[in-house]
Number of protein chains: 2
Amino acid sequence: MRQITLDEAASLLKEHDKFRLLTHSYPDGDTLGCAFALCFALRKMGKLCNIAIDGKLPSKFSYLAKNYREQDFAFEYVVSVDVAAMQLLSDSVMEGVDHIDLCLDHHRTNSIEADHIYVDADAAAAAEIIYQLLSLLEVEPDEDIAAGIYTGVSTDTGCFVYSNTTPRTHAIAAAVMPYCSWVEINNINFVLKTRAKVKMERMIYDTMEFYAGGACAIVYTTLAMQEALGAGDDEMEGLASIPRQIEGVKMGITMREKEGGVFKISVRTNEGIDAAQFCKQFGGGGHPAASGCSIEGSLGDVKLKLIEAAEAFL
Amino acid sequence: MRQITLDEAASLLKEHDKFRLLTHSYPDGDTLGCAFALCFALRKMGKLCNIAIDGKLPSKFSYLAKNYREQDFAFEYVVSVDVAAMQLLSDSVMEGVDHIDLCLDHHRTNSIEADHIYVDADAAAAAEIIYQLLSLLEVEPDEDIAAGIYTGVSTDTGCFVYSNTTPRTHAIAAAVMPYCSWVEINNINFVLKTRAKVKMERMIYDTMEFYAGGACAIVYTTLAMQEALGAGDDEMEGLASIPRQIEGVKMGITMREKEGGVFKISVRTNEGIDAAQFCKQFGGGGHPAASGCSIEGSLGDVKLKLIEAAEAFL
């Protein structure tokens, strides 16, 4: 296991020919954007490459795969993209994989076990790393590659809103925009809402409670609420950002009931409050401003645990 | 009245010393960002400059003016920034102004009467023009100037979401970010909501109706609704974007009741549907994707007029 430079990462990619790219569970725009951009780049170089995704590609991201068909070959080199920890690699993604050759990531807390690791924690999105690799690999962006890069950098920054955005993020967006339908990508990821989603948002606001003198807001969704609205996973996207948007709130917590008596918890915080540290006490992690964990229990019990932890933490 | 180049505009600014900058009614982030950025730049060059605003500076934009104090002098050169038409200049803004010397704008429909006019309709925000002027005026950005530029480009593009964004917009954001508190600016303009605003949004969703087979969504606020929530002008900002966000909607219309039996109408449209053209039939105008007008009458009458016009238009 060795930390390497970007140049070394590029050399490793050049040296190999049969790739499998691994994406993290609950795949988001960055892990998928990275995988499709890198896959199309490697294929453009004449290499074979497939992508492993946990479950089906979320329908909102289907535009990333419009020119993607699975190739038939036995992979020899495994690369994880935007994956922070081994437990974020599902059994189906790890099928046939005995070890990871190269890890490309931007999570400061990265703990992937791989032969070679390149982590750039200053990158707002792992897609920034993929973009920088393109020139080292001497691959010109095309529509598919650009759509992946743009999707990664825009979704991981809330479309250039969040504090992780840097001048480099904007420069990369500017560079790939001419090649892809970024207006459509923005519409899909940041503008359009289904009527079911609007109803879900309104229902979520009904659950909002404030603690720690208004510094913590907590909301929840249950399976029953989701069923009542006929809301699919697409409608549940982005709900995590709601509680922290309220003026005065420094920590926003979203509890989402999943099958099997477990709640998926998303935590969003203002500068100076470490969401990853907060989630660590429940076995989770992520970024300082956006982290998550899973807690088993009833709605009331899990909520109480979170409120007590939040009041102690703030 | 003469169309001039950016270089000529810079020369005119260099040649004069006592400025008054005019901003448009219902001042937004672009007209205010332009005015403060240009004002601080001209003052840095040793010139005298004041800004004319219709009414009070909206409190959310108070950060633009933290180092601004009115100067005591008689102005000799009048510049309008981001003002598309004479009727957008209120009596208070035009006090003591007998003519406009220079118009700097990015509205394709610009109809300002001025001695010299520079319009760049490819600029996502008029602030892009002000940024380009900086290097011609040999002024380095500082915090105040950068905050104005960033505010202009970010607010006029919905933080780089809308189709008017270009690679240049991103490049300008990248260039000014290091000088200003852009995270705070984004929080103010794109993230934070007061509890009153959340309530207002929910109330607005209750008024939403669909026409033209779901292609047109219309919502309204009344003075009574606003009073019931204790919502100020800040809470009313940004509501115009709500109806067009619903999947399938190509034209979103927001009606806002103002004092004196008049409704302020905001129209937001998808590509290919000209909002400015639609608003023109009611004496209004703006951009192809975002325009406005005012219509007198009762809630029911004004709504009916708009629905009929929208169904004919779509």
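Residues numbered from 1 in each chain as written. Chains lettered and ligands numbered in written order. Predicted model: local features only at pLDDT ≥ 70, side-chain atom pairs only at ≥ 80, totals over all residues. Heavy atoms only, no water.

Asker: I would appreciate a short explanation of the environment of Asp233(A) in the present structure.
Answerer: All names here are of chain A. Tracing the backbone shows Asp233 in helix α9 (residues 233-236). On the basis of relative accessibility, which here comes to 53%, the residue Asp233 falls in the exposed class. With 175 residues separating them in the primary sequence, Asp233 and Pro58 have C-alpha atoms 8.2 Å apart. Excluding its chain neighbours within four sequence positions, the residues that come into contact with Asp233 are Gln226 and Arg256. (Helix = DSSP H or I, 4+ residues; strand = E, 2+ residues; numbered from the N terminus. Buried < 20%, exposed > 50% of the residue type's maximum accessible area, 1.4 Å probe, protein only. Contact = heavy atoms within 4.5 Å.)

Asker: Which parts of the structure should I look at to understand the domain arrangement of chain A?
Answerer: Accessible area lost when the parts come together is the quantity often used to give the size of an interface. All names here are of chain A. Per the domain assignment, the segments of chain A are domain 1 (2-190) and domain 2 (195-313). If you average the C-alpha positions of domain 1 and of domain 2, the two centres end up 27 Å apart. Across the contact, six residues belong to domain 1 and six residues belong to domain 2. Together domain 1 and domain 2 conceal approximately 710 Å² of surface at their shared face, both sides included; 50% is due to carbon and sulfur atoms. Looking at the side of domain 1 facing domain 2, the largest losses of area belong to Tyr26, Lys60 and His107, adding up to 49% of the total buried there. If you look at where domain 1 meets domain 2, you find zero salt bridges. Inspection of the domain 1/domain 2 interface yields one residue pair in polar contact (both at pLDDT 80 or more). Its residues assigned to classes, the side of domain 1 that touches domain 2 shows one nonpolar, four polar and one charged. (Domains from an automatic or database assignment. Buried area = accessible area lost by both parts, 1.4 Å probe. Salt bridge = Lys/Arg side-chain N within 4 Å of Asp/Glu carboxyl O. Polar contact = N/O pair within 3.5 Å; in protein donor to acceptor, adjacent residues only side chain to side chain. Nonpolar A, V, L, I, M, F, W, Y, C, P; charged D, E, K, R; others polar.)

Asker: I keep staring at the pairing of strand β9 (residues 251-258) of chain B and nothing clicks. Help me out?
Answerer: Residue and element names in this part refer to chain B. Counted residue by residue, β9 has seven buried out of eight residues, so it is predominantly covered. In terms of strand pairing, strand β8 (residues 216-221) meets β9 through six bridges, oriented parallel. Across the sheet, the residue bridging to Tyr220 is Met255, located in β9. Sheet topology places β9 next to strand β10 (residues 262-269); eight bridges connect them, and they run antiparallel. Along β10, the bridge assignment pairs Arg256 with Lys264. The turn joining β9 and β10, which pair antiparallel and follow one another in sequence, is formed by three residues; a positive phi near 90° is taken by Gly260. (Pairing = 2+ DSSP bridges.)

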